[in-house]
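Here are the chains, one letter per residue:
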Amino acid sequence: MNLKTFLLGASSALAMFGLANAETLTIATVNNGDMIRMQKLTDDFTKKNPGIELNWVTLEENVLRERVTTDVATKGGQYDVMTIGTYEAPIWAKQGWLVALDNLGADYDVDDLLPAIRGGLTVDGKLYAAPFYGESSMVMYRKDLMEKAGLTMPDAPTWDFIADAARKMTDRATGVNGVCLRGKAGWGENMAFLTAMSNSFGARWFDENWKPQFDQPEWKNTLDFYVKLMNDAGPQGASSNGFNENLALFQQGKCGMWIDATVAASFVSDPKASTVADKVGYALAPDNGLGKRGNWLWAWNLAIPAGSQKVEAAEKFIAWATGKDYLKLVADKEGWANVPPGTRTSLYENPEYQKAAPFAKMTLDSINAADPTKPTVKPVPYVGVQFVAIPEFQGLGTTVGQLFSAALAGQMSVDDALAQAQQVSEREMTRAGYIK
């Protein structure tokens, strides 16, 4: 055997050994556009980390929540990296269900994370989830349809203006709905929108003694307003529409206005995906003159469940996906307007991003305006803008969301939906020991 043959054989053996010993990370994520884009760019990660392979489990939002909750609570070890929200991160960290992210690397720059986003992911000074993108909510609207209706969108509209504009912009003959709002049942679907909206109407989930408040006039006003507006100016089948469904409708030119996550701005303004990209304007989420706007605070984050046996590799992936270099990678491939927003101070100080993303300032202002510690007009015992940060909320919020979705679909009255929401909430909060 000559030297060349020996070296080639040794190289092949080492390559086979490396493949045989490669770690495979199973990553559970939501089927939102930014996560789909990340999957297409992961060759960059695997080239830099040849001993790590990736297995993706991509799920619809409600299904993702159900599966990762079951797995993390039982320490099943089915996933090595989970996509979780601002609601789950501190609760699961306190339960010991997540691994603290102590080894993201010297160049990760944790201090660059936006304080409003980082704060919701930190427990006892330790980061337990890294934000992939952060968001609030705002109004996205068709400037051409607003002008046709003879109206000018204020930077900070009221709900009355939104309702009037939606009805005037609706043209069912041409398939244009004045407004598209979430109706799909789920604590993170319709109840994210409705809880944030209810804050601006003066409503709250619980009073200071944890007594449910669905029997109060503020919730009646919120749900009446929402159902009537959607009946008059919303799309057919709205009770089945969540974020992705409304995004598609807006991109297809079928919505005059859409009030939803600020992260959607890059998708509705992308000429490759949106037929109305050059016609989109932005405004703050509406208010009712009570001092609170109907905007939320959220981040989709990457975390490591305590059941994972591949923590070191998982931290490498999270550092790659949520670091500064990933933002530049997306910018190089897709343009600065399409980088995941709402996580880093340096992004909003970047002149290239400011120039490419006309929605950047509105996004940052919306994120900074949301206050999870004082989310409502009246005092409350809980933290969270569009959710209540207690373990019971996941189940309770989905149950109430099903009732409100049924009211939107005309399967029950607003009064019946609220009465049942009050009843089920009182029962659950009593069972859990919050009220006697």
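Here, every reference points to the structure presented above.
All values reported here derive from a predicted model rather than from experimental measurement.

Take the packing of aromatic side chains next. One pair of aromatic rings is described through two measures. These are the centre distance and the angle between the planes. By the definition in use, this model includes 34 aromatic pairs. Taking 6.1 Å as the distance between ring centres and 40° as the angle between the ring planes, the aromatic pair formed by F193 and Y226 counts as tilted. On the criterion of sequence distance, the pair formed by F193 in helix α9 (residues 190–200) and Y226 in helix α10 (residues 217–233) is long-range, its members being 33 residues apart. Classification of F193 by relative accessible area gives buried; the value is 2%. Y226 sits in the buried class, given a relative accessible area of 0%. Their ring planes at 45° and their centres at 4.9 Å tell us that F214 and W219 sit as a pair that is tilted. Judged by relative accessible area, W219 falls into the buried class, the value being 1%. In this arrangement the basic side chain of R65 is found over the ring face of W187, its NZ or CZ atom lying 4.2 Å from the centre. Above the ring of Y108, the side-chain terminus of R344 is found at 4.8 Å from the ring centroid.

This brings us to α9. In an α-helix, one turn spans 3.6 residues, which is why side chains three or four residues apart end up on the same side. When you tally the buried positions in α9, you get 11 out of 11 residues, the bulk of the element. Those residues of α9 that sit buried are N190, M191, A192, F193, L194, T195, A196, M197, S198, N199 and S200. In this structure, the buried side of α9 is in contact with α8 (159–169), α10, β9 (255–261) and α18 (393–408). Among the residues trailing α9, G202 stands out with phi positive, at a value near 85°.

Attention shifts here to the environment of E426. Here E426 lies in helix α19 (residues 414–431). Among the polar contacts listed, one links the side chain of E426 to the side chain of Q422, at a separation of 2.7 Å.

It is worth spelling out the side chain of R344 at this point. Mapped onto the secondary structure, R344 falls in the loop between α14 (324–334) and α15 (345–348). When neighbours within four sequence positions are excluded, R344 is seen to be in contact with Y108, D109, D112, L113, L114, T322, G323, K324 and L327.

Turning our eyes to something else, we now look at the pattern of salt bridges. If you walk through the whole model with that rule in mind, you get 27 salt bridges. Among the salt bridges present, the one from D287 reaches R293, with a minimum N-O distance of 3.3 Å. A relative accessible area of 13% means that D287 is categorised as buried. A residue is classified by how much of its surface remains accessible, and R293, at 23% relative accessible area, is partly exposed. One continuous salt-bridge network, built from bridges that share partners, spans E60, K184 and E245.

Before going further, it helps to examine the sheet that holds β9. One key point about sheets: their strands pair by backbone hydrogen bonds, in either a parallel or an antiparallel sense. On the basis of which strands lie adjacent, the open sheet formed by four strands has the order β8-β9-β7-β10 and mixed pairing. Bordering the open sheet on either side are β8 (177–180) and β10 (280–284), each of which pairs with just one other strand. For this sheet, the mean inter-axis angle between neighbouring strands, taken without regard to orientation, is 20°. Summarising the sheet, β8 and β9 pair through three bridges and their orientation is parallel. Across the sheet, the residue bridging to V179 is M257, located in β9.

Our next topic: the nonpolar core. W205, Y226, M257, F317 and F404 are the most contacted members of the largest nonpolar core, which totals 150 residues. With eight residues, α10 is the largest single contributor of residues to this core. For F404, the residues in contact, after removing those within four places along its chain, are N190, M191, L194, F214, W219, L223, A417, L418 and A421.

Relative to the 20 Å expected for 14 residues at 1.5 Å per residue, helix α4 (residues 61–74) spans 20 Å between its end C-alpha atoms, a close match to the ideal helical length. Every buried residue of α4 is listed here: E61, L64, R65, V68, T69, D71 and V72. Buried residues in α4 make contact with β1 (23–30), β2 (52–59), β3 (81–85), α5 (88–94), β11 (298–303) and α18. Where α4 begins, the side chain of E60 points an oxygen toward the backbone nitrogen of N62, at a separation of 3.2 Å. Of the residues trailing α4, K75 is marked for its positive phi of about 50°.

Quick look at the pairing of β1 now. Of all eight residues that make up β1, six are buried, and the element is covered over most of its length. For β1 and β2, the ladder comprises eight bridges, and the chain directions are parallel. Pairing of T26 across the sheet is with N55, part of β2. As paired elements, β1 and β3 share two bridges and run parallel to each other.

Rules behind the numbers
- Residues numbered from 1 in each chain as written.
- Predicted model: local features only at pLDDT ≥ 70, side-chain atom pairs only at ≥ 80, totals over all residues.
- Heavy atoms only, no water.
- Phe/Tyr/Trp six-rings, centres within 6.5 Å; stacked < 30°, edge-to-face > 60°.
- Helix = DSSP H or I, 4+ residues; strand = E, 2+ residues; numbered from the N terminus.
- Buried < 20%, exposed > 50% of the residue type's maximum accessible area, 1.4 Å probe, protein only.
- Lys NZ or Arg CZ within 6 Å of the ring centre and 35° of its normal.
- Contact = heavy atoms within 4.5 Å.
- Polar contact = N/O pair within 3.5 Å; in protein donor to acceptor, adjacent residues only side chain to side chain.
- Salt bridge = Lys/Arg side-chain N within 4 Å of Asp/Glu carboxyl O.
- Pairing = 2+ DSSP bridges.
- Axes fitted to C-alpha atoms, helices over the stretch in contact; angles between N-to-C directions.
- Core = buried A, V, L, I, M, F, W, Y, C linked by side-chain atoms within 4.5 Å.
- Expected span 1.5 Å × (residues − 1).

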